[in-house]
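# Residue-level structural notes
The residues making up each chain are set out below.
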Amino acid sequence: ANILDVGGSSNILSGNILGLDSLGAVWGSSAVGAVRVYGSNNLIGGGAPADRNIIGNSQQGVYVSGGTGNRISGNFVGVGFTGSVSRANSTGVLVTGGAVQTVIGTNSDGIADGQEGNIVSGNSGMGIYVAGASGTLVSGNIAGLSSAGNQAVANGFWGIGLNNAKDSEIKFNIVSGNNQGGVF
C-alpha cells in the first residue's frame with residue numbers, strides 16, 4: 001500500500017513527513033510508495049522551506065504513475081530533516097505510466113526557483129528515474145549530495161536515469177557522489 005495517494009487534479013501536498021517518525025527516524029515497515037500521484041496538475045512540495053515534504057523509507061518516495069502537469073518541488077527525498085543523513089527509499093522519484101509534462105524541481109518561472117529544487121539523495125537505487133513518460137523537466141535538483149552540496153549522500157545507482165522517455169529535458173542539476181554515476 002502507499003502512504004498517500006494523490007488522485008484527482010490541482011491538489012497540494014506540502015509540509016509533511018512521510019515514511020519517517022516526527023524526529024526524522026525510520027519508522028515502521030516501508031510502503032510501496034510514500035506518495036503516489038496519478039491525477040493531473042498536482043503540486044508535491046512548493047517554493048518555500050515550510051512547503052518541503054520529508055520523504056523516506058519507501059519503495060518509491062514519489063511515484064507519478066500518469067497524469068499531466070504534476071510538479072515535485074522543494075522536497076527532501078531519501079534524506080532526513082538536515083538533508084545530510086540517508087533515509088533511503090528504493091527509488092527517490094519515479095515518473096512512469098505515460099505521465100506527461102511532469103516537473104521535478106524548478107519550473108524556471110523566476111518565482112522561488114532557488115527553493116524549488118529537490119534534494120534526492122541517499123536512496124538505495126536510482127535518485128530520479130523517468131521511464132515511459134514524455135515531456136518531463138528535471139531541473140535545479142541535487143542528486144547524490146547533502147542539501148548543502150558539500151558531502152556525498154549517495155544514491156545506490158545513478159543520480160538521474162531516463163528509459164523510454166520522450167521529449168524530456170535535464171538541466172541545471174547538481175549530480176555527484178552516486179555509486180553508479182551521474183546521468184543514465
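See above for the structure.
The paragraphs below set out a description of the structure included in this document. Think of each chain on its own: its residues are numbered from 1, step by step along the sequence as written. Selection of residues for local features in this predicted model requires a pLDDT of at least 70, selection of side-chain atom pairs for listing and counting requires 80 or more, and totals for whole chains, interfaces and linings are taken over all residues. Side-chain figures throughout are based on the complete set of non-hydrogen atoms in the structure, without hydrogens or water.

Helix and strand content of the protein: one helix and 19 strands. Overall, the protein is about 35 × 30 × 30 Å in size when its C-alpha atoms are taken along their principal axes. Counting across all 184 residues of the protein, residues that qualify as buried make up 48%. The contact criterion used is simple: two residues touch if any of their non-hydrogen atoms lie within 4.5 Å. Residue pairs in contact within the protein that sit at least 24 positions apart in sequence constitute 77% of those at least 6 positions apart. Counted as positive: Lys and Arg. Counted as negative: Asp and Glu, with His and the chain ends omitted from the count. By convention, the point assigned to a charge is CZ for Arg, NZ for Lys, CD for Glu and CG for Asp. Within the protein, the 8 negative side-chain charges are centred at a point lying 5 Å from the centre of the 6 positive side-chain charges. A run of H or I in DSSP counts as a helix once it spans at least four residues, and a run of E counts as a strand once it spans at least two, with each numbered from the N terminus. The rule is simple: take the accessible area with a 1.4 Å probe, protein chains only, and divide by the maximum for that residue type; under 20% is buried, over 50% is exposed, in between is partly exposed.

Pairs of strands are assigned from DSSP output, requiring at least two bridges between the strands. As paired elements, strand E10 (residues 91-95) and strand E13 (residues 128-131) share three bridges and run parallel to each other. Looking across to E13, one finds that Leu94 is bridged to Tyr129. Looking at chain direction, E13 and strand E16 (residues 158-163) are connected through four bridges and run parallel. Across the sheet, the residue bridging to Ala131 is Asn163, located in E16.

Taken in spatial order, the six strands of this open sheet run E2-E5-E8-E11-E14-E17, and their pairing is parallel. On the outer flanks of this sheet lie strand E2 (12-13) and strand E17 (169-171), each paired with one strand and no other. Relative to strand E14 (residues 137-139), strand E11 (residues 103-105) runs parallel, the two sharing three bridges. If you follow Gly105 over to E14, its bridge partner there is Ser139.

Next up on the list: the environment of Ala165. Note on placement: Ala165 falls in the loop between E16 and E17. A residue is classified by how much of its surface remains accessible, and Ala165, at 29% relative accessible area, is partly exposed. In contact with Ala165, other than residues within four places in its own chain, are Val130, Gly132 and Ala133.

A few words on the environment of Gly117. Relative to the assigned elements, Gly117 resides in the loop between helix H1 (113-116) and strand E12 (119-120). Taking the C-alpha atoms as reference points, Gly117 and Phe172, 55 residues apart in sequence, are found 9.6 Å from one another. Setting aside its immediate chain neighbours within four residues, Gly117 contacts Gly74, Asn75, Gly105, Thr106, Gly140 and Asn141.

What follows concerns the nonpolar core. A general trend in soluble globular proteins is that nonpolar side chains are found buried together. We call a set of buried residues a nonpolar core when its members are Ala, Val, Leu, Ile, Met, Phe, Trp, Tyr or Cys and they connect through side-chain atoms within 4.5 Å of each other. Ranked by internal contacts, the top residues of the largest apolar core, which has 22 residues, are Val35, Val93, Val95, Ile104 and Ile128. At three residues, the largest contribution of residues to this core is made by strand E4 (residues 31-37). Once residues within four sequence positions are removed from consideration, Ile104 is found in contact with Ile72, Val93, Val95, Asn118, Ile128, Val130, Thr136, Leu137, Val138, Ser139 and Asn141. Judged by nonpolar contacts, the second largest core, of eight residues, contains Leu20, Ile119, Ile142 and Leu145.

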